[in-house]
Amino acid sequence: MDVTDLAERFGVSPLTIRRDLDYLESRQLVSHQYGSATLVNTLGRPSGSRRVMAKRAIARRAAGFVEEGDAVFVNASSTALDVVNHIEAEDVSVITNNSKVMLLQGPLKPTVLLTGGEAVPPRASLTGQLALDTIGRFTATKCFIGCSGISARVGLTSNTAPEPTVDALMLARSRAHFVLLDSDKIGVECTYAFGTAADAGTVITDDGATDEQVEELLSAGVREVIRVPLELEQEG
């Protein structure tokens, strides 16, 4: 679905369409890319999409690592953002550069701080010096970061700039690292590198990751690779 076509069809502005698509994406009903959107499941059941199930299962598992009193970084990844929905620990602060946090359905358990920064619609990430300055004021106990790819050779990579600069600072300013990504991104090497494989700390992915892929990451310095069974998400 093209944003311009939808705006013409419903007689509203493209900005209105983008806002509506952002909301639908937050509800995991569509996948919103540059200038277009795709239903995650043509039957209207988000749980039927393997990718959506993987993201949700990974986020749930990651949220279990958040402990009482933690201050955590969450980057602009949709999977990382979903962690915020599942945090149950008390007295938790979330610092994020993902403006879509405003679309999450409250009440949320943690306190959320939005970094501020430069916005380039339709992307939800906030970047630039203001975002960096805000992140630099904190030392987080943990960070939860999604990325476009991870490989033993290149490490953590992203398809877009300048988000990797923010991601790199989140890694530098946090004590424990959790990288969240579906198994299709393992072995993928994108344009912008922002950390080594060892910087990943704990990788949380779905059960599509092979034993060989896991061994390669561990050999490259990843501390732990957790494969979340999607059957548990289907049952839930």
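Here's what I pulled together on the structure shown here. Treat the numbers as computed from the prediction; the structure is a model and nothing was measured.

Reading the values: rules and limits
Residues numbered from 1 in each chain as written. Predicted model: local features only at pLDDT ≥ 70, side-chain atom pairs only at ≥ 80, totals over all residues. Heavy atoms only, no water. 1 Å grid on protein atoms, 1.4 Å probe; cavity = no way out; pocket = protein on both sides within 12 Å on 5 of 7 lines; lining within 4 Å. Points joined across faces, edges and corners; volume = space filled by probe spheres on them. Nonpolar A, V, L, I, M, F, W, Y, C, P; charged D, E, K, R; others polar. Helix = DSSP H or I, 4+ residues; strand = E, 2+ residues; numbered from the N terminus. Core = buried A, V, L, I, M, F, W, Y, C linked by side-chain atoms within 4.5 Å. Buried < 20%, exposed > 50% of the residue type's maximum accessible area, 1.4 Å probe, protein only. Contact = heavy atoms within 4.5 Å.

Right, let's get into the layout of surface pockets. Here the second largest pocket is characterised by a volume of approximately 310 Å³. If you trace the second largest pocket, you find 15 residues lining it, with D22, S99, P121, P122 and R123 closest to the centre. Classifying every residue of the lining of the second largest pocket by side-chain character gives eight nonpolar, two polar and five charged.

Moving on: unusual backbone geometry. Here the bond from G106 into P107 is cis, since omega is 0°, no more than 30 degrees from zero. In this fold, P107 is placed in the loop between β4 (93–96) and β5 (111–114). Phi at D91 takes a positive value of approximately 55°, unusual for a residue other than glycine.

Let's shift gears to the nonpolar core. Formed by 26 residues in total, the largest nonpolar core has its most connected members in V83, I87, V94, F144, L180 and I204. At the level of elements, α3 (50–63), β3 (71–74), α4 (78–86), β11 (174–180) and β14 (224–228) are the ones that each hand at least two residues to this core. Broken down by element, the residue count for this core peaks at six residues, all from α3. Setting aside residues up to four positions removed in sequence, L180 forms contacts with I58, A62, T79, A80, V83, F144, I145, G146, C147 and I204. Among the nonpolar cores identified, the runner-up in size contains 25 residues, and F73, C147, L156 and M170 belong to it.

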